[in-house]
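Observations on the three-dimensional arrangement
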Amino acid sequence: MAGSGMSIDPARVAENVAALRELIANHATRPVEIVAVTKRFGPEAVHAALDAGIVAVGENYAQELVAKAEAVAATGAEPEWHFVGHVQRNKVRQLAPWVRLWHSVDSLRLATEIAKRAPGAAVLVQANMTGVETQSGLPPSEVAATVHAMRGLDLDVRGLMMIGAEGDLDESRRQFAALRAMADDLGLVECSMGMSGDLEVALEEGATIVRVGTMLFGPRPTA
Ligand SMILES: *Cc1c(COP(=O)(O)O)cnc(C)c1O
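Because the structure is predicted, anything quoted here is derived from the model rather than measured.

1. Overview of the site of the ligand
- Close to the ligand lie V37, K39, N60, V84, I163, M195, S196, R211, V212, G213, T214 and R220.
- A distance of 2.8 Å separates an oxygen atom of the ligand from a polar backbone atom of G213.
- Contacts to the ligand include T214, whose backbone N or O atom sits 2.8 Å from an oxygen atom.
- Burial of the ligand by the protein amounts to 91% of the accessible area it has alone, namely 390 Å².

2. Things to note about the layout of surface pockets
- There is about 810 Å³ of room inside the largest pocket.
- Counted by class, the lining of the largest pocket contains 13 nonpolar, 15 polar and 6 charged residues.

3. Considering the nonpolar core
- W102, I114, L155, L160, L179 and F217 are the most contacted members of the largest nonpolar core, which totals 66 residues.
- Setting aside residues no more than four positions away along its own chain, L160 makes contact with L124, V125, V143, V147, L179, M182, A183, L188, E190, C191 and S192.
- By size, the runner-up hydrophobic cluster in this structure holds 7 residues, among which are A56, L101, A122 and L124.

4. Some points on the pattern of salt bridges
- Tallied over the full model, the rule gives 10 salt bridges.
- A salt bridge links R30 to D184, with the shortest nitrogen-to-oxygen separation between them at 3.4 Å. Of this pair, R30 sits in the loop between helix 1 (10–27) and strand 1 (33–37) while D184 sits in helix 7 (residues 169–185), placing them 154 residues apart in sequence.
- Take D184: its relative accessible area is 39%, and that puts it in the partly exposed class.
- Among the ionic pairs, R173 bridges to E205, the shortest N-O distance being 2.8 Å. Of this pair, R173 sits in helix 7 while E205 sits in the loop between helix 8 (199–204) and strand 8 (209–212); the two residues are 32 residues apart in sequence, bridging distant segments of the chain.
- Residues participating in the shared-partner salt-bridge network are R30, R180 and D184.

5. Quick look at helix 6 (residues 140–150)
- Considered for burial, the residues of helix 6 that qualify are V143, T146, V147 and M150. Across the axial projection of helix 6, the buried residues extend over an arc of 105 degrees, all falling on one side. Relative to its buried face, helix 6 has exposed residues pointing more than 90 degrees away, namely S141 and A145.
- Its buried side turned inward, helix 6 meets strand 4 (99–105), helix 5 (108–117), strand 5 (121–126), strand 6 (155–161) and helix 7.

Definitions and limits used
Residues numbered from 1 in each chain as written. Predicted model: local features only at pLDDT ≥ 70, side-chain atom pairs only at ≥ 80, totals over all residues. Heavy atoms only, no water. Near = heavy atom within 4 Å. Polar contact = N/O pair within 3.5 Å; in protein donor to acceptor, adjacent residues only side chain to side chain. Areas by Shrake-Rupley, 256 points an atom, 1.4 Å probe, with all protein chains shown as cover. 1 Å grid on protein atoms, 1.4 Å probe; cavity = no way out; pocket = protein on both sides within 12 Å on 5 of 7 lines; lining within 4 Å. Points joined across faces, edges and corners; volume = space filled by probe spheres on them. Nonpolar A, V, L, I, M, F, W, Y, C, P; charged D, E, K, R; others polar. Core = buried A, V, L, I, M, F, W, Y, C linked by side-chain atoms within 4.5 Å. Buried < 20%, exposed > 50% of the residue type's maximum accessible area, 1.4 Å probe, protein only. Contact = heavy atoms within 4.5 Å. Salt bridge = Lys/Arg side-chain N within 4 Å of Asp/Glu carboxyl O. Helix = DSSP H or I, 4+ residues; strand = E, 2+ residues; numbered from the N terminus. Arc of directions from axis to C-beta.

Geometric descriptors of this kind do not, in isolation, establish any biological role.
In structure tokens, the structure reads:
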């Protein structure tokens, strides 16, 4: 492997997972599942996470997920793959055999495609709580109607997902709390919120799923 800063040290990953579990124990208000986000790392990151007791692994590009999932499956290991990135409709078919939870469903059209290719699939609805236009996700005002409509499809609508604002943790706290309140109003258990930079705040505001990359694996390779 090239640059040692980018290689995966399984012992270090195990330490980082232990530290993350401790952080969850200290800050969470509900039971929390960890999704180890392995994007841009090789299959060795997936194996290190599994060895540390992680079950769910997240990716945000379709091709990368499929390639890594095939490589990992060839070794006999069986992580639960989560898709955390923006989903293009024309990628749903190739993802469907692998993905156990779709985190970022942000339109009824996409939901319909997932229901067609993966009947009964577990999904989260992504809300854009920051108002940043380059972020995907439904405007908060459209979330309830979309959830209701999705309940009419052959899907298991489990909760909501958001990506926090960069930098401002007070602002993020308000947005996490707002997402949690929306989920509760809709009778949804899961809130996928909190990444390496805003974990404590997301946990304190009721996250049930955290998506963590750099805290577990270190800085991502850029290429
Ligand atoms: C990359 C990514 C993460 C993990 O980010 P870190 O800051 O490395 O923890 C979480 N969620 C999504 C949607 C991502 O794309």
